[in-house]
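Structural overview for review
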Amino acid sequence: MIRLEQKQGFCITYQCHFNHTYPFIFTSYFYYLPNSVLAAIIIVAVYGLIDFKEAKHLFNTDKMDFGLFLAASLGTLILGIEEGIFLGVILSMGVLIYRVSYPHFAEMGLVKDGQIFRNVLRFKDAIVKDEIIVMRFDAQLYFCQYFLFQR
(Lines give C-alpha, C1' and ligand atoms only; values in the text may rest on other atoms or scores of the structure.)
Protein backbone atom coordinates (compact mmCIF):
# COMPACT_ATOMS: atom_id res chain seq x y z
CA MET A 1 0.00 0.00 0.00
CA ILE A 2 1.33 3.44 -0.97
CA ARG A 3 0.98 6.15 1.60
CA LEU A 4 -0.08 9.72 0.77
CA GLU A 5 3.39 11.11 1.53
CA GLN A 6 4.92 8.77 -1.05
CA LYS A 7 2.40 9.86 -3.70
CA GLN A 8 3.12 13.52 -2.98
CA GLY A 9 6.85 12.93 -3.28
CA PHE A 10 6.35 11.20 -6.63
CA CYS A 11 4.09 14.01 -7.88
CA ILE A 12 6.59 16.66 -6.88
CA THR A 13 9.41 14.76 -8.56
CA TYR A 14 7.38 14.29 -11.74
CA GLN A 15 6.31 17.94 -11.78
CA CYS A 16 9.90 19.15 -11.38
CA HIS A 17 10.99 16.83 -14.16
CA PHE A 18 8.15 18.01 -16.41
CA ASN A 19 8.65 21.72 -15.72
CA HIS A 20 12.42 21.68 -16.15
CA THR A 21 13.04 19.10 -18.85
CA TYR A 22 10.25 19.41 -21.39
CA PRO A 23 10.65 23.12 -22.10
CA PHE A 24 14.21 22.43 -23.27
CA ILE A 25 12.94 19.71 -25.57
CA PHE A 26 9.93 21.53 -27.06
CA THR A 27 11.26 25.10 -27.19
CA SER A 28 13.03 24.48 -30.47
CA TYR A 29 9.68 23.64 -32.11
CA PHE A 30 8.22 27.02 -31.17
CA TYR A 31 10.97 28.75 -33.15
CA TYR A 32 9.39 27.77 -36.46
CA LEU A 33 5.87 28.91 -35.57
CA PRO A 34 4.77 32.26 -36.99
CA ASN A 35 4.33 35.13 -34.56
CA SER A 36 0.60 35.23 -35.27
CA VAL A 37 0.23 31.63 -34.02
CA LEU A 38 2.21 32.44 -30.87
CA ALA A 39 0.03 35.53 -30.35
CA ALA A 40 -3.11 33.40 -30.74
CA ILE A 41 -1.81 30.96 -28.11
CA ILE A 42 -1.20 33.83 -25.69
CA ILE A 43 -4.61 35.40 -26.39
CA VAL A 44 -6.39 32.11 -25.75
CA ALA A 45 -4.47 31.67 -22.50
CA VAL A 46 -5.20 35.22 -21.31
CA TYR A 47 -8.88 35.05 -22.32
CA GLY A 48 -9.48 32.48 -19.60
CA LEU A 49 -8.04 34.88 -17.00
CA ILE A 50 -10.65 37.58 -17.66
CA ASP A 51 -13.80 37.21 -15.57
CA PHE A 52 -16.60 38.60 -17.75
CA LYS A 53 -19.33 37.51 -15.31
CA GLU A 54 -17.76 39.62 -12.57
CA ALA A 55 -17.51 42.62 -14.90
CA LYS A 56 -21.20 42.26 -15.80
CA HIS A 57 -22.10 41.91 -12.12
CA LEU A 58 -20.13 45.07 -11.26
CA PHE A 59 -21.79 46.96 -14.11
CA ASN A 60 -25.24 45.98 -12.86
CA THR A 61 -24.61 46.61 -9.15
CA ASP A 62 -22.03 49.38 -8.71
CA LYS A 63 -20.95 51.66 -11.55
CA MET A 64 -18.03 53.09 -9.54
CA ASP A 65 -16.49 49.66 -8.96
CA PHE A 66 -17.03 48.82 -12.63
CA GLY A 67 -15.21 52.03 -13.56
CA LEU A 68 -12.31 51.05 -11.29
CA PHE A 69 -12.24 47.58 -12.86
CA LEU A 70 -12.23 49.08 -16.34
CA ALA A 71 -9.52 51.64 -15.49
CA ALA A 72 -7.26 49.00 -13.94
CA SER A 73 -7.80 46.62 -16.87
CA LEU A 74 -7.12 49.27 -19.51
CA GLY A 75 -4.16 50.56 -17.50
CA THR A 76 -2.70 47.07 -17.42
CA LEU A 77 -3.21 46.61 -21.17
CA ILE A 78 -1.87 50.03 -22.15
CA LEU A 79 0.77 50.86 -19.54
CA GLY A 80 1.94 47.44 -18.40
CA ILE A 81 1.31 45.06 -15.55
CA GLU A 82 2.96 46.93 -12.68
CA GLU A 83 1.73 50.35 -13.77
CA GLY A 84 -1.81 49.06 -14.32
CA ILE A 85 -1.96 47.47 -10.88
CA PHE A 86 -0.49 50.65 -9.36
CA LEU A 87 -3.14 52.72 -11.18
CA GLY A 88 -5.90 50.44 -9.88
CA VAL A 89 -4.60 50.67 -6.30
CA ILE A 90 -4.28 54.47 -6.43
CA LEU A 91 -7.77 54.93 -7.90
CA SER A 92 -9.27 52.49 -5.37
CA MET A 93 -7.66 54.36 -2.50
CA GLY A 94 -8.96 57.64 -3.89
CA VAL A 95 -12.51 56.29 -4.11
CA LEU A 96 -12.22 54.87 -0.59
CA ILE A 97 -11.05 58.21 0.81
CA TYR A 98 -13.87 60.01 -1.02
CA ARG A 99 -16.52 57.58 0.27
CA VAL A 100 -15.22 57.88 3.84
CA SER A 101 -14.99 61.68 3.64
CA TYR A 102 -18.43 62.20 2.09
CA PRO A 103 -20.76 59.43 3.29
CA HIS A 104 -24.36 59.25 2.16
CA PHE A 105 -26.74 60.61 4.76
CA ALA A 106 -30.44 61.28 4.82
CA GLU A 107 -32.80 63.38 6.90
CA MET A 108 -35.47 61.15 8.40
CA GLY A 109 -39.13 61.86 9.07
CA LEU A 110 -42.03 59.96 10.60
CA VAL A 111 -44.40 58.27 8.20
CA LYS A 112 -48.17 58.21 8.79
CA ASP A 113 -48.34 55.50 11.45
CA GLY A 114 -45.80 57.39 13.60
CA GLN A 115 -43.47 54.48 14.38
CA ILE A 116 -41.16 54.26 11.36
CA PHE A 117 -38.64 56.86 10.22
CA ARG A 118 -38.04 57.15 6.46
CA ASN A 119 -36.01 59.37 4.13
CA VAL A 120 -37.89 62.63 3.54
CA LEU A 121 -36.65 62.85 -0.06
CA ARG A 122 -38.17 59.46 -0.92
CA PHE A 123 -41.29 59.69 1.22
CA LYS A 124 -42.93 63.06 0.62
CA ASP A 125 -45.60 62.42 3.26
CA ALA A 126 -43.00 61.97 6.04
CA ILE A 127 -43.49 64.38 8.94
CA VAL A 128 -40.47 66.46 10.02
CA LYS A 129 -40.52 68.49 13.24
CA ASP A 130 -38.47 71.67 13.38
CA GLU A 131 -37.30 71.02 16.96
CA ILE A 132 -35.72 67.62 16.24
CA ILE A 133 -33.51 66.56 13.35
CA VAL A 134 -33.12 62.84 12.78
CA MET A 135 -30.25 61.92 10.45
CA ARG A 136 -29.14 58.53 9.12
CA PHE A 137 -25.51 58.08 8.09
CA ASP A 138 -24.75 55.13 5.83
CA ALA A 139 -21.12 54.86 6.92
CA GLN A 140 -19.00 54.96 10.03
CA LEU A 141 -18.33 58.37 11.48
CA TYR A 142 -14.75 59.68 11.68
CA PHE A 143 -13.17 62.90 12.85
CA CYS A 144 -12.64 64.02 9.25
CA GLN A 145 -16.41 64.26 8.76
CA TYR A 146 -16.94 67.01 11.33
CA PHE A 147 -18.07 69.48 8.67
CA LEU A 148 -21.20 67.38 8.03
CA PHE A 149 -22.50 68.35 11.48
CA GLN A 150 -21.87 72.07 10.96
CA ARG A 151 -24.58 72.47 8.33
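Everything discussed here concerns the structure shown above.
Bear in mind that the values here come from a model prediction, so they are computed numbers and not experimental data.

1. Regarding the sheet that holds strand β2 (residues 117-119)
- Pairing in this open sheet of three strands is antiparallel, and the strands run β2-β1-β3 from one edge to the other. Of all strands in the sheet, those with a lone pairing partner are β2 and β3 (134-137), marking the two edges. Averaged over neighbouring strand pairs, the angle between their axes works out to 45 degrees when direction is ignored.

2. Observations concerning a nonpolar patch on the surface
- Judged by side-chain polarity, Ile-25, Phe-26, Tyr-29, Phe-30, Leu-33, Val-37 and Ile-41 come together as a nonpolar surface patch covering roughly 650 Å² of accessible area.
- When residues of the nonpolar patch are traced back to their parent elements, those giving at least two are α1 (4-30) and α2 (35-47).
- Element by element, the count of residues in the nonpolar patch is highest for α1, at four residues.
- Residue placement: Ile-25 occurs in helix α1.

3. Side note on the environment of Gln-140
- With respect to the secondary-structure elements, Gln-140 resides in the segment after β3.
- Along the chain, Gln-140 and Pro-103 lie 37 residues apart, while their C-alpha atoms are 8.3 Å from each other.

4. Quick notes on the pattern of salt bridges
- All told, the structure shown has two salt bridges when counted by the stated rule.
- Asp-62 is paired through a salt bridge with Arg-99; the nearest N and O atoms lie 3.4 Å apart. On the criterion of sequence distance, the pair formed by Asp-62 in the loop between α3 (52-61) and α4 (63-78) and Arg-99 in helix α5 (residues 81-101) is long-range, its members being 37 residues apart.
- Looking at Asp-62, the relative accessible area reads 24%, which means it is partly exposed.
- With its nearest N and O atoms 3.0 Å apart, the salt bridge here joins Asp-138 to Arg-136.
- Assessed through its relative accessible area of 44%, Asp-138 is described here as partly exposed.

Analysis parameters
Residues numbered from 1 in each chain as written. Predicted model: local features only at pLDDT ≥ 70, side-chain atom pairs only at ≥ 80, totals over all residues. Heavy atoms only, no water. Pairing = 2+ DSSP bridges. Helix = DSSP H or I, 4+ residues; strand = E, 2+ residues; numbered from the N terminus. Axes fitted to C-alpha atoms, helices over the stretch in contact; angles between N-to-C directions. Patch = residues over 30% accessible without salt bridge, like charges linked within 9 Å, V, L, I, M, F, W, Y side chains within 5 Å. Areas by Shrake-Rupley, 256 points an atom, 1.4 Å probe, with all protein chains shown as cover. Salt bridge = Lys/Arg side-chain N within 4 Å of Asp/Glu carboxyl O. Buried < 20%, exposed > 50% of the residue type's maximum accessible area, 1.4 Å probe, protein only.

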